[in-house]
Amino acid sequence: MYELSRVRLYSIGPAGARYADTVLDLRGVGAPVPHPAPTQAEFFEDEPVGPPRRPAPAGVLFLENGGGKSVLLKLIFSVMLPGHRNTLGGASSGVLRKFLLADDCGHVALEWQHTLTGELVVVGKASEWRGRQVSNDPRKFAEAWYSFRPGPGLSLDNLPVAEATSVRPPVEGASGARGRRRTMKGFRDALTEAGKAYPHLEVVWEEIHDR
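Rules and cut-offs
Residues numbered from 1 in each chain as written. Predicted model: local features only at pLDDT ≥ 70, side-chain atom pairs only at ≥ 80, totals over all residues. Heavy atoms only, no water. Helix = DSSP H or I, 4+ residues; strand = E, 2+ residues; numbered from the N terminus. Expected span 1.5 Å × (residues − 1). Buried < 20%, exposed > 50% of the residue type's maximum accessible area, 1.4 Å probe, protein only. Contact = heavy atoms within 4.5 Å. Phe/Tyr/Trp six-rings, centres within 6.5 Å; stacked < 30°, edge-to-face > 60°. Pairing = 2+ DSSP bridges. Axes fitted to C-alpha atoms, helices over the stretch in contact; angles between N-to-C directions. 1 Å grid on protein atoms, 1.4 Å probe; cavity = no way out; pocket = protein on both sides within 12 Å on 5 of 7 lines; lining within 4 Å. Points joined across faces, edges and corners; volume = space filled by probe spheres on them. Nonpolar A, V, L, I, M, F, W, Y, C, P; charged D, E, K, R; others polar. Core = buried A, V, L, I, M, F, W, Y, C linked by side-chain atoms within 4.5 Å.

Undergrad: Would you take a moment to explain helix H3 (residues 184-197) for this structure?
TA: Along an α-helix, residues three or four apart share an orientation, since each turn contains 3.6 residues. An ideal rise of 1.5 Å per residue puts 20 Å on 14 residues; H3 measures up with 20 Å between its terminal C-alpha atoms. Looking only at H3, the buried set comprises Met184, Gly186, Phe187, Ala190, Leu191, Ala194 and Gly195. Buried residues along H3 sit against strand E3 (105-114), strand E4 (120-129), strand E5 (141-148) and strand E8 (204-206).

Undergrad: Teacher, can you tell me more about the packing of aromatic side chains here?
TA: A ring pair, where both rings are aromatic, is described by two values, the distance of the centres and the angle of the planes. Following the criterion strictly, the structure yields four aromatic pairs and no others. On the numbers, 5.2 Å between centres and 65 degrees between planes, the contact of Trp129 with Phe141 is edge-to-face. Here Trp129, found in strand E4, pairs with Phe141, found in strand E5; they are 12 residues apart in sequence, far enough to count as distant. We classify Trp129 as buried; its relative accessible area is 2%. Judged by its relative accessible area of 7%, Phe141 is buried. Aromatic pair Tyr146 and Phe187: ring centres 4.9 Å apart, planes at 55 degrees, arrangement tilted. In this pair, Tyr146 sits in strand E5 while Phe187 sits in helix H3, placing the two residues 41 residues apart along the sequence. With relative accessibility at 0%, the residue Phe187 sits in the buried group. Among the aromatic side chains, those forming a connected cluster through ring pairs are Tyr146, Phe187 and Trp205.

Undergrad: How should the sheet that holds E8 be read in this particular structure?
TA: By way of backbone hydrogen bonds, the strands of a sheet pair with one another, either parallel or antiparallel. Strand order in the open sheet formed by six strands is E2-E1-E3-E4-E5-E8, with antiparallel pairing between adjacent strands. Strands at the two margins of the open sheet, each flanked by one partner only, are strand E2 (19-25) and E8. Neighbouring strand axes in the sheet, compared pairwise and without regard to direction, differ in orientation by 15 degrees on average. The pairing of strand E1 (residues 2-12) with E3 spans eight bridges and is antiparallel. Looking at the pairing, Leu9 lines up with Val108 of E3. Where helix H1 (residues 69-80) meets the sheet, its contacts fall on E1, E2, E3, E4 and E5, and the angle it forms with E3 comes to roughly 75 degrees. Sheet strands in contact with H3 are E3, E4, E5 and E8, and its direction is about 15 degrees off that of E5.

Undergrad: Just to check I follow, could you spell out empty space enclosed by the protein for this structure?
TA: Taking a probe equal in size to a water molecule and rolling it over the atoms shows the remaining empty space. Going through the model one piece at a time under the given rule, you end up with one cavity of 30 Å³ or more. Lining the largest cavity we find Ile12, Leu75, Ser78, Leu96, Gly106, Val108, Lys125, Ser127 and Phe141. Those elements giving two or more residues to the lining of the largest cavity turn out to be H1, E3 and E4. Across the lining of the largest cavity, the residue classes break down as five nonpolar, three polar and one charged.

Undergrad: How should I be thinking about the nonpolar core in this particular structure?
TA: The tendency in soluble globular proteins is for nonpolar side chains to be buried as a group. By size, the foremost hydrophobic cluster in this structure holds 21 residues, and its most contacted members are Tyr146, Phe148, Leu159, Met184, Phe187, Leu191 and Trp205. Counting residues per element, the ones that place at least two in this core are E3, E4, E5 and H3. The contacts of Phe148, once residues within four sequence positions are left out, are Val121, Val122, Leu154, Ser155, Leu156, Leu159, Leu191, Leu201, Glu202 and Val203. One finds Ile12, Val71, Leu72 and Phe99 within the second-largest nonpolar core, a separate group that totals 19 residues.

Undergrad: It is not clear to me how unusual backbone geometry should be interpreted in this structure. Could you clarify?
TA: Phi is mostly negative for residues that are not glycine, and the peptide bonds are mostly trans. Residues other than glycine seldom take positive phi values, yet Arg132 does so here, at roughly 55 degrees. Within the fold, Arg132 resides in the loop between E4 and E5. In this model, Glu202 sits at a positive phi of 50 degrees, which is unusual for a non-glycine residue. Relative to the assigned elements, Glu202 resides in the loop between H3 and E8.

So, to be careful, I would describe these as geometric facts and stop short of saying anything about function.
Encoded structure:
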C-alpha cells in the first residue's frame, strides 16, 4: 500500500488563487518504515540518516470559507480519479478547465511512499489549452498523465516543468524551476529523455486516462 507523501502544484488554479509552484510536504512524521528498501540519493544530495519514516497519517487544513480547500482537493482528485464527478466538487475535466490560463501548462504531481519499503512513485497530470487559447470547446483542452520512480536523474523537486530546473531547490520549499515554462510537448520530451537516460525511473506517459 502507498501513502501520499508530497503534492506539487505548478502553474494551476483559479485566477484569484493560483498555485505558481507549491509543494505540500507530509514526509517523515509517521511511524518508521519496517522494511526499508535500499535507495540511492539524488545527485549532490546528502545521504539519509536513520530509517525512513512514513508520511503524516492525517492532516488538517485550516482555511476560511472561500480559501481554497475544495480547489486543492479537486486538483488532487483530478490525478487520482480522473473524469469522476462524484468526488468533492467534481474532478472532471469541465471543472479543471476553469483552473488553467491560456499560456499555462499546469501540473499536479503526487508523490507516494510504500508503507513497508519506503519506495517512492510519482503520479502526475499535465494540462494545457491547445493553441494557447481558452475555449468552450472541450476538444481544445489537452490532458496527459505520467508516472515514474524517483531516483538519480529525476524527482518531484526537479520535474522539467521549466526550461531550466535546478537539481534541488536552493532552499527547502523553494521552487527549483527557472526560465520559461515548458509546453506539454516540451515537458513530455524532457520526461521521455530522462527515462531513456535513466531506465530505473520507469517513466510512463499516457494521454487517455482509462489507460
